[in-house]
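Here is what each chain is made of, one letter per residue.
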Amino acid sequence: MELKDYIYFDHSATTPLDPRVREAMAPFLDQHFGNPSSLHTPGRVAREAVECARGQVAHLLGAQPNEIVFTASGTEANNLALTGVAEAIGFHDCHFVVSAIEHPAVLETCRYLQDRGIEITTVLPDADGVVAAEAVASALRAETRLVSVMAANNVTGVVQPIEAIADAAHNGGAWFHTDAVQAVGKRSFNLAQQPIDLLSLSSHKIHGPKGVGALYIRQGIPLQPVIHGGGQERGLRSGTENVASLVGLGRAAELAALEMPEETTRLRGLRDRIIQFTRERVPGAYLVGHATQRLPGHVCLGFAGLEPKAIQVLLALDEAGIAASSGSACSSNHAGEPSSVLRAMGFDPIRARGSLRITLGRGNTEAEVERFLDVLASIVSDLRKGSMDSRS
Ligand code: PLP
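Report on the accompanying structure. (Residues numbered from 1 in each chain as written. Predicted model: local features only at pLDDT ≥ 70, side-chain atom pairs only at ≥ 80, totals over all residues. Heavy atoms only, no water.)

1. Section: helix H6 (residues 162-171)
- Among the residues of H6, Ile162, Ile165, Ala166, Ala168 and Ala169 are the ones counted as buried. Seen from one end, H6 has its buried residues packed into an arc of 160°, which puts them on one side.
- If you follow the buried residues of H6, they end up packed against helix H5 (133-139), strand S5 (144-148) and strand S6 (175-179).
- Positive phi appears at Gly173, one or two residues downstream of H6, with a value of about 85°. (Buried < 20%, exposed > 50% of the residue type's maximum accessible area, 1.4 Å probe, protein only. Helix = DSSP H or I, 4+ residues; strand = E, 2+ residues; numbered from the N terminus. Arc of directions from axis to C-beta. Contact = heavy atoms within 4.5 Å.)

In structure tokens form, the structure reads like this:
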């Protein structure tokens, strides 16, 4: 099967580049190659493009352009937020609170900071995958400086009550960071009004190019750089700017802002069709994570008794030309291992290994969803009859 005929339902892993984004980027891969730090005309053209992109990202978030620092990924934005605060305030008598369901870009950074002396408390979600503000509040201490809880989880799609969590953090005297890599473009932000101090995003999750991200830093939040050099990005992220990709991120942000209301309604409809069909027509299917507090295009499913065969479901879908994902891991290095997110929600190791993640995006159609549902029902039925055992 040619890739163009493939049904792509893995938008939480990455999204295809929107042709309108590609079009905006093209001149900056070609004639507009100047270095934005140069004073001559080609340099000034590149600088203008970078600042335009900054404005577009700020607009999507309801922030000021000077509160946006560009990075090379969502991972780097998370590293800069956590390590940057730690470097600014010092590593001793300093306590951070994070949730147990954060992306490794946060959890591994916390492990690194812990080795350097920061105390870390990890808060568990409830059985629906929701991190309660009360649980965060009770983890706060006098020396807590930062709370970090993601805006939406990449495995379950569960949207977190970040405003309530941020209020709890502020009441305890701590700043609040959110990894919004999965949420930006799918839920609206107005950071001028919301109690969020730091927010990470990634371009390739919103139909922009890979290898570029941003960190929103509310004015007045102390932060030291983690990458040192020529002082770009107000000294917070040195390195010559990836101009074409930043132009792509800017255009992707602009399109997300324009199209979000209609697109999220459309995706919600497709998502709910999958949830309803599987509930009614696929024996033993269950939804993982909160039923309604979830991203518009995100479904995470388990199939009772078939959890050890989740990889077979994925491979059979792939054979039928449908790309979905296992909920069990965020990197191919860990494929087949129990998901730490589902374990934190109280799933036993077998069930935590066996979920199927379907994440819809721009370009997915009703017809694709119907085809997927037919194929899925028949794969699950074959597995239940044992007629696919030869695939194991
Ligand atoms: N945070 C979350 C919640 C993610 O889902 C991801 C990527 O999957 C990242 C951070 C990392 O973003 P990037 O791929 O831009 O490094």
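2. Some remarks on the nonpolar core
- Grouped together as the largest cluster of nonpolar side chains are 68 residues, with contacts concentrated most on Leu61, Val147, Phe189 and Leu199.
- A per-element tally of this core places helix H7 (residues 243-281) first, with 10 residues.
- A domain split of this core shows at least three residues from each of domain 1 (3-15 + 261-391) and domain 2 (19-255).
- Not counting the four nearest positions on each side in its chain, Phe189 is found in contact with Leu60, Leu61, Gly62, Ala151, Ile162, Ala180, Ala183, Val184, Gln194, Ile196 and Leu199. (Core = buried A, V, L, I, M, F, W, Y, C linked by side-chain atoms within 4.5 Å. Domains from an automatic or database assignment.)

3. Some points on the sheet that holds strand S10 (residues 298-303)
- Read across the open sheet, the four strands follow the order S9-S10-S13-S12; overall the sheet is antiparallel. The outermost strands of the open sheet, each flanked by one partner alone, are strand S9 (285-287) and strand S12 (325-326).
- Relative to strand S13 (residues 355-359), S10 runs antiparallel, the two being bridged by five bridges. Considered in S13, the bridge of Leu301 is made with Leu356.
- Of the strands in this sheet, S12 and S13 touch helix H8 (residues 310-319), which is tilted by about 35° from S13. (Pairing = 2+ DSSP bridges. Axes fitted to C-alpha atoms, helices over the stretch in contact; angles between N-to-C directions.)

4. Quick word on the sheet that holds strand S4 (residues 119-123)
- Here seven strands make up an open sheet; going across it, the order is S2-S8-S7-S6-S5-S3-S4 and the pairing mixed. In this open sheet, the two strands that pair with only one neighbour each are strand S2 (68-71) and S4. In this sheet, neighbouring strand axes are inclined to one another by 20° on average, regardless of whether the strands run parallel or antiparallel.
- This element, helix H2 (residues 41-61), spans S2, strand S7 (198-202) and strand S8 (213-217) of the sheet and lies at about 115° to S2.

5. Things to note about the environment of Asn35
- For Asn35, the location among the structural elements is in the loop between helix H1 (19-29) and H2.
- Asn35 gets classed as partly exposed once you look at its relative accessible area, which sits at 28%.
- Taking the C-alpha atoms as reference points, Asn35 and Leu215, 180 residues apart in sequence, are found 22 Å from one another.
- Dropping the residues within four chain positions of it, Asn35 is found in contact with Gly43, Ala46 and Thr240.

6. So, the site of the ligand
- In the vicinity of the ligand, 13 residues are found, and the nearest of them are Thr75, Asp179, Gln182, Ser202 and Lys205.
- In the model, an oxygen atom of the ligand is placed 2.7 Å from a nitrogen or oxygen of the Gln182 side chain.
- In the complex, the protein chains occlude 86% of the 390 Å² of accessible area that the ligand would expose alone.
- Of the residues contributing to the shell around the ligand, the split by class is two nonpolar, nine polar and two charged. (Near = heavy atom within 4 Å. Polar contact = N/O pair within 3.5 Å; in protein donor to acceptor, adjacent residues only side chain to side chain. Areas by Shrake-Rupley, 256 points an atom, 1.4 Å probe, with all protein chains shown as cover. Nonpolar A, V, L, I, M, F, W, Y, C, P; charged D, E, K, R; others polar.)

7. Re the pattern of salt bridges
- Enumeration over the complete set of coordinates arrives at 22 salt bridges.
- Connected through shared salt-bridge partners, Arg47, Glu51, Arg54, Glu233 and Glu241 make up one network. (Salt bridge = Lys/Arg side-chain N within 4 Å of Asp/Glu carboxyl O.)

8. Description of the packing of H2 against H7
- Running from amino to carboxyl end, H2 crosses H7 at an angle of 30°, the nearest separation of the two axes being 8 Å. By the angle class used here, H2 and H7 are roughly parallel. When you trace H2 past H7, the crossing you get is left-handed. Contact residues: H2 offers Ala46, Ala49, Val50, Ala53, Gln56, Val57, His59 and Leu60, while H7 offers Val243, Leu246, Val247, Leu249, Gly250, Arg251, Ala253, Glu254, Ala256, Ala257 and Met260.
- Here the residues of the contact of H2 with H7 sort into 14 nonpolar, three polar and two charged. (Parallel < 35°, antiparallel > 145°, perpendicular 65-115°, else oblique. Left-handed = near helix turned anticlockwise from the far one by under 90°.)

What is shown is where atoms sit, not what they do.
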